[in-house]
Number of protein chains: 2
Amino acid sequence: MIGVLEAMSSDDRADLLKALPENTVNALLPLMTRVERNDVRKLMAHPEGTAGSLMTTAFASISKDRTAAGALSDLRVAAHKKETIYYVYVTDPQGALLGVCTLYDLIFARPETRVEQIMNRDVITVTPEFDDEEMVKLMQRYDFIALPVVDDANRLLGIVTHDDVLDLVKEEATEDAHRMGAIEPLEDPYLRSSVLSMIGKRGGWLLVLFAAQILTITLLRGFETTFETTLALIFFIPLIISSGGNVGSQSATLITRGLAVGDVHVSSWARVLGRELLTGLALGIALGTCGFAVSTIMGSGSRTLEIGCTVACTILCIVIFGAVTGSLLPLLLKRIGLDPAMTSSPFVASLVDVAGIGIYAAMATLFL
Amino acid sequence: MIGVLEAMSSDDRADLLKALPENTVNALLPLMTRVERNDVRKLMAHPEGTAGSLMTTAFASISKDRTAAGALSDLRVAAHKKETIYYVYVTDPQGALLGVCTLYDLIFARPETRVEQIMNRDVITVTPEFDDEEMVKLMQRYDFIALPVVDDANRLLGIVTHDDVLDLVKEEATEDAHRMGAIEPLEDPYLRSSVLSMIGKRGGWLLVLFAAQILTITLLRGFETTFETTLALIFFIPLIISSGGNVGSQSATLITRGLAVGDVHVSSWARVLGRELLTGLALGIALGTCGFAVSTIMGSGSRTLEIGCTVACTILCIVIFGAVTGSLLPLLLKRIGLDPAMTSSPFVASLVDVAGIGIYAAMATLFL
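From a predicted model like this one, the values you see are computed outputs, not experimental measurements.

It is worth spelling out the overall build of chain A at this point. Across its full length, chain A carries 15 helices and five strands. A compact globule built from 368 residues should have a C-alpha radius of gyration of about 21 Å, whereas chain A, at 29 Å, is more than 25% larger. Expressed as lengths along the three principal axes of its C-alpha atoms, the size of chain A is roughly 95 × 45 × 30 Å. Looking at chain A as a whole, 55% of its 368 residues are labelled buried. Here the analysis covers contacts within chain A between residues at least 6 apart in sequence; of these, 66% occur between residues at least 24 apart. For chain A, the accessible area works out to roughly 15,100 Å², and carbon and sulfur atoms hold 59% of it. Computing the positive centroid from 29 side-chain charges and the negative centroid from 41, chain A places the two 4 Å apart.

See the structure below:
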């Protein structure tokens, strides 16, 4: 076991130990060298979702006074212990980051050139607390192989490498997809999760959504007499609530994904609202017209026109409601520090169900 | 314009030209050097979704007979034109790929060593037609910075680099998320897409889903007399169809995402079916019990017990139906070569709506 741990890179080792029970970790720690032990303790201290939790301490660093040739010979000795030597970080004796050289710079400089003369001083850095998703955006913007993590005193603590970022992007997308489908994100791959844990991850949200549906029962009961006198109204309930729900989950998907990739920001809420109002209006008119046609053709004969108007106006309103709710909720969640992906399609659909039946009943009272 | 094109890497240039109208491309091509022009034509020929469409021809290659020192001096001259020089590909005079050296290997070999002696001959390669998502899985498994693309004769055509893969992973996740939300994937970021194009991308699926809802109207009309005699049944329609729809979109999400990241394969359909039957049964019993409680408590007084049984059994059946349909549909779509993400949450919900009302009516006939 300790052999496996020693062969791993420091970031992967810390991740593995985080996943083990505490007493196993306590049994393993004394078997490591003191340096490794302190290193693992430091890395394990960074919470998930931060740059710190992804970084490795196995970076290559040199002094600014070293020559290019000297730096290369240092690297030759230490390279096998480093996660990457394509970027070499220049630090002062206190460990503060002064600049960065690529391996390419070192090879192609004259051998006697001092590192200070060739290093790039404009280093883009992040702190250990930096949000990991924002870090991905930085890596993506600049096509970096690695990104240095520094503390408040600009001391180099570690680096995050391209392979960890690629893994993270996939994991984040999976988490978001699961949340959007109203599932607590699974920790393990689907086929390796136990059925019991799966039921737990799915059951929680299902019960919340079930509870929301109790409101639809209350609303439908309240309008019992309306339905009694015009039974044909019930034919269109699924049509109406599904139209609103579909538009709502489209909007929630667009905005949640836009926030995740950085195309949409909370500050753009007014533009989002404007666009969704317009889109909702257009889609609402289209679907409302279809609803009018379908309900007048398929109605039971009596009061067909009134029912048609009720259905059409309800669809128009609920589609706009769905577009606005579905788009603003993820922004609101992000604003208050929650994951916008919690605005799942089923969640928006449930909200729309309740609102849809309310609007339908109100429209029926108006037209009938 | 031609200056911008010249400054771009060959893969990005080909992507840009693909996005331009044909007559603009025809005007630009003659302005390039012949080598660049042929290069762009070759790269543009690869369809989206393949490794070929992501590759760049700006790779570093050397002959196997070159010495380490000679290779480094070649690189010094050509490096600025290469997308990466951290991997150097060894080719024969016909361009066939023989092996790969890292820049690290070249620097730390004795200068007179021949490349042949230090190169790694076990190179993992892909063909230009190789599926880009499968390629991402390879890059992720091996933590490569670049992956070589070869033709059937093993001739090196280009390389795909880590930054393009990172971009691709994000794009694919966005496309999948959009499809799962029943939206034709947008080409541009949300705030930069025109409202009109947005309406188009959303409207298509909405109309399909609307058409599916016409079936719910037909079904509800068919059971008009049942609802007439026991009006309280209608109170539970939204509850029932939403429970089934929620479980169905959970299953669709889990399997679609599992397929995307490679955790689930079409060949595992029997295991998936088994797990979903079990999960559906457990969730169905839980939600069915809640449904029984809610409908007996909130019912109108008469025939409460019968209605309770009808609601409970319908929920049990529709939850299992949702779990099975939601999980098998993405596998089926993948099997026939379509994108599994087309099994969107709204799509599964619509199927469940239709089935749910059918089952509800059948159960009502049974119990009442």
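Next comes the rest of the account.
What follows is about the packing of aromatic side chains. Residues and elements named next belong to chain B. Taken as a whole, this structure holds nine aromatic pairs over all chains when the rule is applied. When the ring of Trp205 is compared with that of Phe347, the centres are 6.0 Å apart and the planes differ by 70°; the resulting orientation is edge-to-face. With Trp205 in helix H10 (residues 195-222) and Phe347 in helix H15 (residues 345-367), this pair connects stretches of sequence that are 142 residues apart. The class for Phe347 is partly exposed, based on a relative accessible area of 25%.

Quick look at the pattern of salt bridges now. Where charged atoms of side chains with opposite charge meet at close range, the side chains can pair. Applying the stated rule across the entire model yields 22 salt bridges over all chains. When the shortest N-O distance is used, the salt bridge between Arg179 of chain A and Asp339 of chain A registers 2.5 Å. Residue Arg179 of chain A is located in helix H9 (residues 162-180), and its partner Asp339 of chain A is located in the loop between helix H14 (304-335) and helix H15 (345-367); the two are separated by 160 residues in the primary sequence. Of the charged contacts in the structure, one is a salt bridge between Arg114 of chain B and Asp65 of chain B, with a shortest N-O distance of 2.9 Å. You can see Arg114 of chain B sitting in the loop between helix H6 (103-108) and helix H7 (115-118) and its partner Asp65 of chain B sitting in the loop between strand E1 (59-62) and helix H5 (68-78), a full 49 residues away along the chain. Through salt bridges with shared partners, a single network forms among Lys64, Asp65, Arg114 and Glu116 of chain A.

Looking now at the packing of helix H13 (residues 269-298) of chain B against helix H14 (residues 304-335) of chain B. Residue and element names in this part refer to chain B. One way to put it is that H13 packs onto H14 with a least axis distance of 7 Å and a crossing angle of 155°. In terms of their interaxial angle, H13 and H14 are classed as roughly antiparallel. Of the two elements, H13 crosses H14, and the hand of that crossing is right-handed.

A separate point is the side chain of Glu276 of chain A. Within the secondary structure, Glu276 of chain A sits in helix H13 (residues 269-298). Taking relative accessible area as the criterion, Glu276 of chain A reaches 0% and is therefore assigned buried. When near neighbours in sequence (up to four residues on either side) are disregarded, Glu276 of chain A contacts Ser251, Ala323 and Ser327 of chain A together with Tyr190 and Arg202 of chain B.

A word on the sheet that holds strand E1 (residues 59-62) of chain A. Residues and elements named next belong to chain A. The sheet built from three strands is open, its strands ordered E1-E2-E3 with mixed pairing. Pairing within the sheet leaves two strands with one partner each, and these edge strands are E1 and strand E3 (97-102). If you compare each strand with its neighbour and ignore which way they point, the axes differ by 35° on average. Here strand E2 (residues 84-91) runs beside E3; their pairing, made up of five bridges, is antiparallel. Bridge pairing links Tyr89 to Val100 in E3.

The partner chain B presents 102 residues to the 102 residues of chain A that form the contact. Each partner contributes to the roughly 9,500 Å² buried at the junction of chain A and chain B, and carbon and sulfur atoms together form 70% of this total. Where chain A meets chain B, there are two salt bridges. The shortest N-O distance in the salt bridge between Arg202 of chain B and Glu276 of chain A comes to 3.1 Å. Looking at the side of chain A that touches chain B element by element, the count peaks at 17 residues for helix H12 (residues 237-261) of chain A. Taken together, the residues that form the side of chain A that touches chain B break down as 60 nonpolar, 26 polar and 16 charged.

Residues and elements named next belong to chain A. Among the eight residues that make up E2, eight are buried, leaving the element largely enclosed by the rest of the structure. Alignment of E1 against E2, held across four bridges, turns out to be parallel. Each bridged residue has a counterpart across the sheet, and for Ser61 the counterpart in E2 is Tyr89. Taking the sense of rotation as the criterion, the β-α-β connection linking E1, helix H5 (residues 68-78) and E2 turns out right-handed. Joining the antiparallel neighbours E2 and E3 is a turn of five residues, in which Gly95 adopts a positive phi near 90°.

Moving on, we come to the relation of the copies chain A and chain B. Superposing chain A onto chain B takes a rotation of 180° combined with a translation of 0.0 Å along the rotation axis, leaving an RMSD of 0.1 Å. Within this description, the copies of the chain are treated as partners about a two-fold rotation axis. Both copies contact each other with a shared surface, as 100% of the interface residues of chain A are interface residues in chain B too.

Residue and element names in this part refer to chain B. Within the open sheet, the three strands sit side by side as E1-E2-E3. Their pairing is mixed. Two strands bound the open sheet, and with one partner strand each, they are E1 and strand E3 (97-102). Put simply, the sheet's adjacent strands are angled 35° from each other on average, direction ignored.

Taken residue by residue, chain A gives an average pLDDT of 89. The fraction at 70 or more is 98%. Among the scores for the predicted complex, ipTM is 0.84 and pTM is 0.85.

The terminal C-alpha atoms of H14 of chain B lie 46 Å apart, and with 32 residues this matches the ideal 46 Å at 1.5 Å per residue to within 8%. Note on H14 of chain B: the residue one or two positions beyond its end, Gly337 of chain B, has a positive phi of about 85°.

All names here are of chain A. By the element assignment, Leu368 lies in the segment after H15. What makes Leu368 partly exposed here is its relative accessible area of 26%. It is 54 Å that separates the C-alpha atoms of Leu368 and Glu134, two residues lying 234 residues apart in sequence. Not counting residues up to four positions away in its chain, the partners in contact with Leu368 are Thr230, Leu233, Arg303, Glu306, Ile307 and Thr310.

Here we come to the environment of Asp11 of chain A. Residue and element names in this part refer to chain A. Relative to the helices and strands, Asp11 is located in helix H2 (residues 10-19). Judged by its relative accessible area of 3%, Asp11 falls in the buried class. Here Asp11 is in contact with Leu43, Leu54, Met55, Thr56, Glu83 and Asp164, once residues within four sequence places are set aside.

Together, Asp12, Asp15 and Glu171 of chain A together with Asp143 of chain B make up a negatively charged patch on the protein surface. Relative to the helices and strands, Asp12 of chain A resides in helix H2. For Asp12 of chain A, a relative accessible area of 35% gives the class partly exposed.

Further remarks concern the packing of H9 of chain A against H12 of chain A. Residue and element names in this part refer to chain A. Viewed as axis vectors pointing N to C, H9 and H12 meet at an angle of 155°, and their least axial separation amounts to 12 Å. One element, H9, and the other, H12, form an angle in the roughly antiparallel class. When you trace H9 past H12, the crossing you get is right-handed. Contacts between H9 and H12 involve Ala173, Asp176 and Met180 from the first element and Ala252, Thr253, Thr256, Arg257 and Ala260 from the second. Residues belonging to the contact of H9 with H12 are distributed by class as follows: four nonpolar, two polar and two charged.

Let us look at unusual backbone geometry. Residues and elements named next belong to chain A. Phi at Asp143 takes a positive value of approximately 55°, unusual for a residue other than glycine. Its place among the elements puts Asp143 in the loop between helix H8 (132-142) and strand E4 (146-150). Residue Asp143 is classed as partly exposed on the basis of its relative accessible area of 34%. You will see that Asn154, though not glycine, has its phi angle at about 65°, which is positive. Here Asn154 lies in the loop between E4 and strand E5 (156-161). With a relative accessible area of 31%, Asn154 lands in the partly exposed category.

Cut-offs used in this document
Residues numbered from 1 in each chain as written. Chains lettered and ligands numbered in written order. Predicted model: local features only at pLDDT ≥ 70, side-chain atom pairs only at ≥ 80, totals over all residues. Heavy atoms only, no water. Helix = DSSP H or I, 4+ residues; strand = E, 2+ residues; numbered from the N terminus. Rg over C-alpha atoms; globule rule 2.2 N^0.38 Å. Buried < 20%, exposed > 50% of the residue type's maximum accessible area, 1.4 Å probe, protein only. Contact = heavy atoms within 4.5 Å. Areas by Shrake-Rupley, 256 points an atom, 1.4 Å probe, with all protein chains shown as cover. Lys, Arg positive; Asp, Glu negative; His and termini not counted. Charge placed at Lys NZ, Arg CZ, Asp CG, Glu CD. Phe/Tyr/Trp six-rings, centres within 6.5 Å; stacked < 30°, edge-to-face > 60°. Salt bridge = Lys/Arg side-chain N within 4 Å of Asp/Glu carboxyl O. Axes fitted to C-alpha atoms, helices over the stretch in contact; angles between N-to-C directions. Parallel < 35°, antiparallel > 145°, perpendicular 65-115°, else oblique. Left-handed = near helix turned anticlockwise from the far one by under 90°. Pairing = 2+ DSSP bridges. Buried area = accessible area lost by both parts, 1.4 Å probe. Nonpolar A, V, L, I, M, F, W, Y, C, P; charged D, E, K, R; others polar. Right-handed = clockwise from strand over helix to strand, strands pointing away. Least-squares fit on C-alpha atoms with pLDDT ≥ 70 in both. pLDDT = per-residue confidence, 0-100. Expected span 1.5 Å × (residues − 1). Patch = residues over 30% accessible without salt bridge, like charges linked within 9 Å, V, L, I, M, F, W, Y side chains within 5 Å.

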